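# Per-entry structural report
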Amino acid sequence: QVQLVESGGGLVQAGGSARLSCAASGRAVSENNMAWFRAALGKEREFVAAMSRSGGITYNADSVKGRFTMFRDSVKNTVHLQMRSLEPEDTAIYYCALDTILTIASQDIAPYAYWGQGTQVTVSS
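Before going into details, it helps to say that this report is about the structure given with it. (Residues numbered from 1 in each chain as written. Predicted model: local features only at pLDDT ≥ 70, side-chain atom pairs only at ≥ 80, totals over all residues. Heavy atoms only, no water.)

### Describing the side chain of threonine 78
Counted only if it meets this: In DSSP terms, a helix is any run of H or I states spanning at least four residues, a strand is any run of E spanning at least two, and both are numbered starting from the N terminus. Three labels apply to residues, based on accessible area from a 1.4 Å probe with only protein chains included: buried if under 20% of the type maximum, exposed if over 50%, partly exposed otherwise in between. Side-chain atoms alone can form a polar contact between residues adjacent in sequence; in general such a contact is a pair of N or O atoms within 3.5 Å, and within protein one must be able to donate a hydrogen while the other accepts it. Contacts are assigned to residue pairs that have any heavy atoms within 4.5 Å of one another.
Here threonine 78 shows up in strand S8 (residues 78-83). We classify threonine 78 as buried; its relative accessible area is 8%. For threonine 78, the side chain forms a polar contact with the main-chain oxygen of lysine 76, separated by 2.9 Å. Discounting chain neighbours no more than four positions away, the residues touching threonine 78 are Ser21, Cys22, Ala23, Val29, Phe71, Arg72 and Asp73.

Right, dumping it as structure tokens:
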């Protein structure tokens, strides 16, 4: 059974940093595609970043603007999202997702069969 558990959210001041973690069990993060999505209050879930099993990474350039970095720790079977220069617009629930099928990680929600419960990030101005 696949389980994804996010952590690291909380209240952060604008301009600050935070690191989110997603611990996986049941599947290896290095052998599957992993992604981060976020959902602000009243808005649809939005792509943030994705890492293919090969290690290639894509970001939502419009919203992330080079401020976020996704990386994985294969030993701990965890992926992280390092967020810098946070803005109030980054306030959202952040979700980790896992896809076992595709070769290249998608920016769409549909391919991801497994999701974590989400972690709230609130950026105060």
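### Concerning the layout of surface pockets
What counts is decided by this rule: Whether a set of points on the 1 Å grid over the protein atoms alone is a cavity depends on a 1.4 Å probe fitting there but being unable to get out, while an open set qualifies as a pocket with protein on both sides within 12 Å along at least five of seven lines; lining residues are those with an atom within 4 Å of a point. Grid points are joined across faces, edges and corners, and a volume is the space filled by probe spheres set on the points. Any residue that is not Ala, Val, Leu, Ile, Met, Phe, Trp, Tyr, Cys, Pro, Asp, Glu, Lys or Arg is counted as polar, Gly included; the first ten are nonpolar and the last four charged.
Roughly 220 Å³ of internal volume is contained in the largest pocket. If you trace the largest pocket, you find 15 residues lining it, with Arg38, Lys43, Glu46, Ser63 and Glu89 closest to the centre. Residue assignment for the lining of the largest pocket shows that the elements contributing at least two residues are strand S4 (33-39) and helix H1 (61-64). Of the residues assigned to the lining of the largest pocket, the class counts are three nonpolar, two polar and 10 charged.

### Describing the packing of aromatic side chains
The description of an aromatic ring pair uses the distance of the two centres, along with the angle that the planes make with each other. What counts here: Pairing of aromatic side chains requires ring centres within 6.5 Å, counting the rings of Phe and Tyr and the six-membered ring of Trp. Pairs whose planes differ by under 30 degrees are stacked, by over 60 edge-to-face, and all others tilted.
The final tally for this structure, using the stated rule, is five aromatic pairs. Plain terms: the ring middles of phenylalanine 37 and phenylalanine 47 are 5.8 Å apart, the flat faces sit at 70° to each other, and that makes the pair edge-to-face. Taken together, the positions of phenylalanine 37 in strand S4 and phenylalanine 47 in strand S5 (residues 46-51) put the pair 10 residues apart, joining distant regions of the chain. Note on accessibility: phenylalanine 37 and phenylalanine 47 belong to one class, buried. Measuring from centroid to centroid gives 5.6 Å for phenylalanine 37 and tyrosine 112, while their planes differ by 70°, and the two rings are edge-to-face. On the criterion of sequence distance, the pair formed by phenylalanine 37 in strand S4 and tyrosine 112 in the loop between strand S9 (92-99) and strand S10 (114-115) is long-range, its members being 75 residues apart. For the pair formed by phenylalanine 37 and tyrosine 112, the shared burial category is buried.

### Quick look at the sheet that holds strand S7 (residues 68-73)
Whether parallel or antiparallel, the strands of a sheet pair through hydrogen bonds between backbone atoms. Selection rule: At least two bridges found by DSSP between two strands is the condition for calling them paired. What counts as an axis is a line fitted to C-alpha atoms, over the stretch in contact for a helix, and the angles between N-to-C directions run from 0 to 180 degrees.
Pairing in this open sheet of four strands is antiparallel, and the strands run S1-S3-S8-S7 from one edge to the other. Single-partner strands in this sheet number two, and they are strand S1 (3-7) and S7. Ignoring strand direction, the axes of neighbouring strands in this sheet form an average angle of 15°. In the sheet, strand S3 (residues 18-25) pairs with S8 via six bridges, with the strands oriented antiparallel. From the neighbouring strand, cysteine 22 faces S8, where its bridge partner is valine 79.

### Examining the state of the cysteines
Rules: Only a pair of cysteine sulfur atoms within 2.5 Å qualifies as a disulfide here.
Taken as a whole and assessed by the stated rule, the structure comprises one disulfide. Here cysteine 22 is linked by a disulfide to cysteine 96, with a sulfur-sulfur distance of 2.0 Å. Taking the sign of the S-S torsion, -75° for the link of cysteine 22 and cysteine 96, the bridge is left-handed. In this pair, cysteine 22 is assigned in strand S3 and cysteine 96 in strand S9, connecting sequence segments 74 residues apart. For the pair formed by cysteine 22 and cysteine 96, the shared burial category is buried.

### Here we look at the nonpolar core
As a reminder, the rule being used: Definition of nonpolar core: a set of buried residues of the types Ala, Val, Leu, Ile, Met, Phe, Trp, Tyr and Cys, connected through side-chain atoms within 4.5 Å.
Ranked by internal contacts, the top residues of the largest apolar core, which has 26 residues, are Met34, Trp36, Leu81, Met83 and Tyr94. Elements with a minimum of two residues in this core: S3, S4, S5, S7, S8, S9 and strand S11 (119-124). Ignoring anything within four residues of it in the chain, the contact list for leucine 81 reads Ala18, Arg19, Leu20, Trp36, Val48, Ala49, Phe68, Thr69, Met70 and Tyr94. Phe47, Ala97, Ala105 and Tyr112 belong to the second largest nonpolar core, which has seven residues in total.

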